[in-house]
Amino acid sequence: MRTIAIIPARGNSKGIHRKNMAELGGWPLLHHTLEAASGCVALDRVLVTSEDGAILKCVDDYNAKSGSNIYTHHRPYHLSQDEVHAVHPVLESYRHHAVSEDEYNAVVMLLPTSPFRTSRQIADAIKLFAADPARSVIGTTKVCPKNSLRYMRDDGTLTSLGVGANWNDQRQDVDAVYRVNGAMFISNPTRLADLRSFHHDNAKAFLMDQISSMDINTQDDLALAELIVRYLPHV
């Protein structure tokens, strides 16, 4: 199975200014995903797509220091705006770098906001996908028992999501709820081009632990990630 990983890393993020270049553990946030991708033997090619010259240079610098061969693609600026889902620059860069639509059997999207996802997890997720390539594989993590979920109304009061569990049931007696963690998405290139999404009914979950599922979107997330790097250096 030939597999390409595409890392969409825009420069004009809003939640954290220039988030993908924010420092984590002494390195740009993007560096951690470059490390995981370059260390994964299941990937035949790794490509970073960005509209930002400093981010593309960061990749070149990483290649020079590590001996890796991560490719870069300068995406059109309009594909870096807030309203553009990450799948669109992934599709655009794939069209530019694949000789044909079927050159690769799998496209892996790795968001640089997941610094603790590992090379081994990427390889294991690709293995899961290879067993049934008609279905996407999406990184997930357990959130909570489903009877813990609530909507909050505009007036601050709570109401049930109506997911079929008694509010007073014990945690161990209630089915868990899972969330998409943003760490990895895998799909067949043809299906991805048709759906323009990694998501579809009956996609397969690749279950990940809480730390490797961490997604950096706010300054609080970044501060917590820094504590993890500092006090859990084996992560």
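Conventions used here
Residues numbered from 1 in each chain as written. Predicted model: local features only at pLDDT ≥ 70, side-chain atom pairs only at ≥ 80, totals over all residues. Heavy atoms only, no water. Helix = DSSP H or I, 4+ residues; strand = E, 2+ residues; numbered from the N terminus. Buried < 20%, exposed > 50% of the residue type's maximum accessible area, 1.4 Å probe, protein only. Contact = heavy atoms within 4.5 Å. Areas by Shrake-Rupley, 256 points an atom, 1.4 Å probe, with all protein chains shown as cover. Salt bridge = Lys/Arg side-chain N within 4 Å of Asp/Glu carboxyl O. Expected span 1.5 Å × (residues − 1). Arc of directions from axis to C-beta.

Colleague: Tell me what's going on with the overall build of the protein chain, and back it up with residues and numbers.
Modeller: When helices and strands are tallied, the protein chain shows six helices and 11 strands. In terms of overall dimensions, the protein chain has a C-alpha envelope of 55 × 40 × 35 Å along the principal axes. The buried share of the protein chain, reckoned over its 235 residues, is 45%. Here the contacts in the protein chain between residues at least 6 apart in sequence split such that 75% fall between residues at least 24 apart. With an accessible surface of roughly 12100 Å², the protein chain has 50% of that area assigned to carbon and sulfur atoms.

Colleague: Could you give me a rundown of the pattern of salt bridges, with the residues and numbers involved?
Modeller: Summed over the entire model, instances satisfying the criterion amount to six salt bridges. Between D52 and R18 there is a salt bridge, and its shortest N-O distance comes to 2.8 Å. With D52 in the loop between strand 4 (45-50) and helix 2 (53-66) and R18 in the loop between strand 1 (3-8) and strand 2 (23-24), this residue pair connects regions lying 34 residues apart in the sequence.

Colleague: Tell me about helix 4 (residues 119-130), and name the residues and values.
Modeller: Taking 1.5 Å as the rise per residue, helix 4 with 12 residues should run 16 Å; its terminal C-alpha atoms sit 17 Å apart, in good agreement. Where helix 4 is concerned, the buried positions are S119, Q121, I122, A125, I126 and F129. Projection of helix 4 onto a plane perpendicular to its axis shows the buried side chains occupying an angular sector of 165 degrees, all on one side. For helix 4, the exposed residues lying more than 90 degrees away from the buried face are R120 and K127.

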